[in-house]
Amino acid sequence: MNFIHRSRIHAIALATASLAGAFATAESITVVSWGGSYAKACVEGYHKAFTAETGIEIKLEDYNGGLAEVRAQVDAGAVHWDVVDVELADGVRGCDEGLFKVFDPDTLPAGADGSTPSDDYYPGAITECGANTLYYSTIYAYNAEKLPGEKPTTMEDFFDMERFPGRRGMRRSPVVNLEFALMGDGVPVEEVYALLDTEAGIQRAFDKLDTIKDHVVWWEAGAQPPQMLADGEVIMSTAYNGRIFNAQVLEKQSFVIVWDGQVLDTGFLAILEGAPNPSGAQRFVDFAARPSSMAGVARYISYSPTRHSAEALITTHAETGVEMRPHMPNTPENAKRVLHNDWQWWSDNRDDMNVRFAAWLAR
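Predicted model, so just to flag it, every value in this text is computed and none were measured.

About the cut-offs
- Residues numbered from 1 in each chain as written.
- Predicted model: local features only at pLDDT ≥ 70, side-chain atom pairs only at ≥ 80, totals over all residues.
- Heavy atoms only, no water.
- Domains from an automatic or database assignment.
- Contact = heavy atoms within 4.5 Å.
- Buried area = accessible area lost by both parts, 1.4 Å probe.
- Salt bridge = Lys/Arg side-chain N within 4 Å of Asp/Glu carboxyl O.
- Polar contact = N/O pair within 3.5 Å; in protein donor to acceptor, adjacent residues only side chain to side chain.
- Helix = DSSP H or I, 4+ residues; strand = E, 2+ residues; numbered from the N terminus.
- Nonpolar A, V, L, I, M, F, W, Y, C, P; charged D, E, K, R; others polar.
- Expected span 1.5 Å × (residues − 1).
- Bend = angle between axes of the 7 residues up to and from the residue.
- Buried < 20%, exposed > 50% of the residue type's maximum accessible area, 1.4 Å probe, protein only.
- Pairing = 2+ DSSP bridges.
- Disulfide = S-S within 2.5 Å.
- Core = buried A, V, L, I, M, F, W, Y, C linked by side-chain atoms within 4.5 Å.

Before going further, it helps to examine the domain arrangement of the protein. For the protein, the assigned domains are domain 1 (27-135 + 266-327) and domain 2 (138-264 + 332-362). Taking only C-alpha atoms, the centre of domain 1 and the centre of domain 2 are 25 Å apart. With 25 residues of domain 1 in contact, the opposing surface of domain 2 contributes 19 residues. When the two sides are added together, the surface that domain 1 and domain 2 hide from each other amounts to roughly 1900 Å², 49% of it contributed by carbon and sulfur. Summed over the shared surface of domain 1 and domain 2, the number is four salt bridges. The partner of Glu 87 in a salt bridge is Arg 171, and the shortest N-O contact between them spans 3.2 Å. Taken together, domain 1 and domain 2 are joined by nine residue pairs in polar contact (both at pLDDT 80 or more). At the level of elements, α2 (36-54) and α4 (88-96) are the ones that each hand at least two residues to the side of domain 1 that touches domain 2. When residues of the side of domain 1 that touches domain 2 are assigned to their parent elements, the largest contribution, five residues, is made by α4. Tallied by class, the residues present in the side of domain 1 that touches domain 2 amount to twelve nonpolar, eight polar and five charged.

This is how it looks when you write it as structure tokens:
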């Protein structure tokens, strides 16, 4: 009898453990994002709070952008990501292709002041494909300690090999590089995309890139430019403004951001069609859309919220006490000559430009 009793207890224990394991698996989501200091800012800014409130574990993975991996999972019917942090152009295109779920924006949380989502979000920051979570900027930066004498101040300076000889860092992608090239060739901000709509404009951009091609060190992950600048591998590099900011305040690097000609962009969290845990994914996206979550991220990295009521919640850097507002890409002081990324142009032309850029690199 004792043996039978112990066996039943053991069987019940195994069944309970199995159910608990199944429940734990169900109550987790896989979120894919950009890694590095940005991922850390999200974890500290709202991921931990989300798990504490919901009990849903976040399994965080990194990627370098694009839709290739998303398409492969959805087309194969073997989706293992729930949420992916996408650039706006990729997010809209993925939505149009049926890779991401659409939703009703009115179901998002109200503003911190009680305003509706449509009133609280900045114009163009909310669609049925997704609600943009933050503004970030691609800029270029230099290490003041490794660049003696005259310092660059304009986008034209980035392409000036005579006054500023040395290697440049650039992302291995046509995105932003084409815009930088045209601005570096003297094209006014308001004419950049109209020019890129012409074959002559595209050729002009590649011709300008040709002038520095032999001196470029290509990067793919956002964490690379700060390291390249610190090591002296390059004298200046394009980069995401938040990555440079974190190197400035946390690592005390003598990096200087050149805001002139910055390309201001945004992105959103997309839920994959066929996501393993769609309900948990939606809860996560809703939580990320709270003004408090956006302001939480802005306490760890200099990316600004896309909601009016979240702006009022921005304070200081959580670890150093540095005032965050002066370091945001959309502050008036930093946005004197800013180009807003034309997501529609990139959504329509990304594949063609990728092919052309790859062919140009291979030449």
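There's plenty left to go through after this.
Once that is clear, we can look at helix α15 (residues 343-362). The end-to-end C-alpha distance of α15, which contains 20 residues, comes to 26 Å, matching closely the 28 Å that a straight helix rising 1.5 Å per residue would cover. Along its length, α15 reaches its greatest deviation from straightness, about 65°, at Asn 349. Those residues of α15 that fall on the buried side of the exposure criterion are Trp 345, Trp 346, Ser 347, Arg 350, Met 353, Phe 357 and Trp 360. One side-chain oxygen of the residue at the start of α15 lies 3.2 Å from the amide nitrogen of Gln 344, identifying that residue as Asp 342.

Okay, the pairing of strand β5 (residues 168-171) next. Residue alternation in β5 divides its side chains into two sets, Arg 168 and Met 170 and Gly 169 and Arg 171, and both sets are buried. Sheet topology note: the β5/strand β6 (residues 216-219) ladder contains four bridges and is parallel. Looking across to β6, one finds that Arg 168 is bridged to Val 216. Here β5 pairs with strand β7 (residues 236-240) via two bridges, running parallel. In the sheet register, Arg 168 faces β7, and the bridge partner there is Met 236.

For the rest of this paragraph, the subject is the side chain of Glu 311. Locating Glu 311 in the fold gives a position in helix α14 (residues 308-311). In this structure Glu 311 comes out as buried when scored by relative accessible area, which is 14%. In contact with Glu 311, other than residues within four places in its own chain, are Tyr 122, Ser 304, Pro 305, Arg 325 and Asn 330.

This structure, assessed with the given rule, holds one disulfide. Note that Cys 95 is cross-linked by a disulfide to Cys 129, the S-S spacing being 2.2 Å. For the disulfide bridge between Cys 95 and Cys 129, the dihedral angle about the S-S bond is near -80°, and by the sign convention the bridge is left-handed. Of this pair, Cys 95 sits in helix α4 while Cys 129 sits in the loop between α5 (117-120) and β4 (132-143), placing them 34 residues apart in sequence. Side by side, Cys 95 and Cys 129 carry an identical accessibility label, which is buried.

Side chains that are nonpolar tend, in soluble globular proteins, to be buried together. Counting residues in hydrophobic clusters, the biggest one holds 56 residues, and the most contacted among them are Tyr 46, Val 83, Val 84, Phe 100, Ile 244 and Phe 284. Summarising the domain contributions, this core has at least three residues from each of domain 1 (27-135 + 266-327) and domain 2 (138-264 + 332-362). Once residues lying within four places of it in the same chain are set aside, the contact partners of Val 84 are Val 32, Tyr 63, Val 70, Phe 100, Phe 268, Leu 269, Ala 270 and Leu 272. The next biggest cluster of nonpolar side chains, apart from the first, holds 39 residues, and it includes Phe 164, Met 170, Val 176 and Trp 346.

With that settled, the discussion passes to the environment of Ser 33. Checked against the element boundaries, Ser 33 lands in strand β1 (residues 28-33). Using a relative accessible area of 5% as the deciding quantity, one classes Ser 33 as buried. In sequence terms Ser 33 and Gly 65 are 32 residues apart; their C-alpha atoms lie 8.2 Å from each other. When neighbours within four sequence positions are excluded, Ser 33 is seen to be in contact with Tyr 38, Leu 60, Glu 61, Asp 62, Tyr 63 and Asp 85. A distance of 3.4 Å separates the side chain of Ser 33 from the side chain of Asp 85, its partner in a polar contact.

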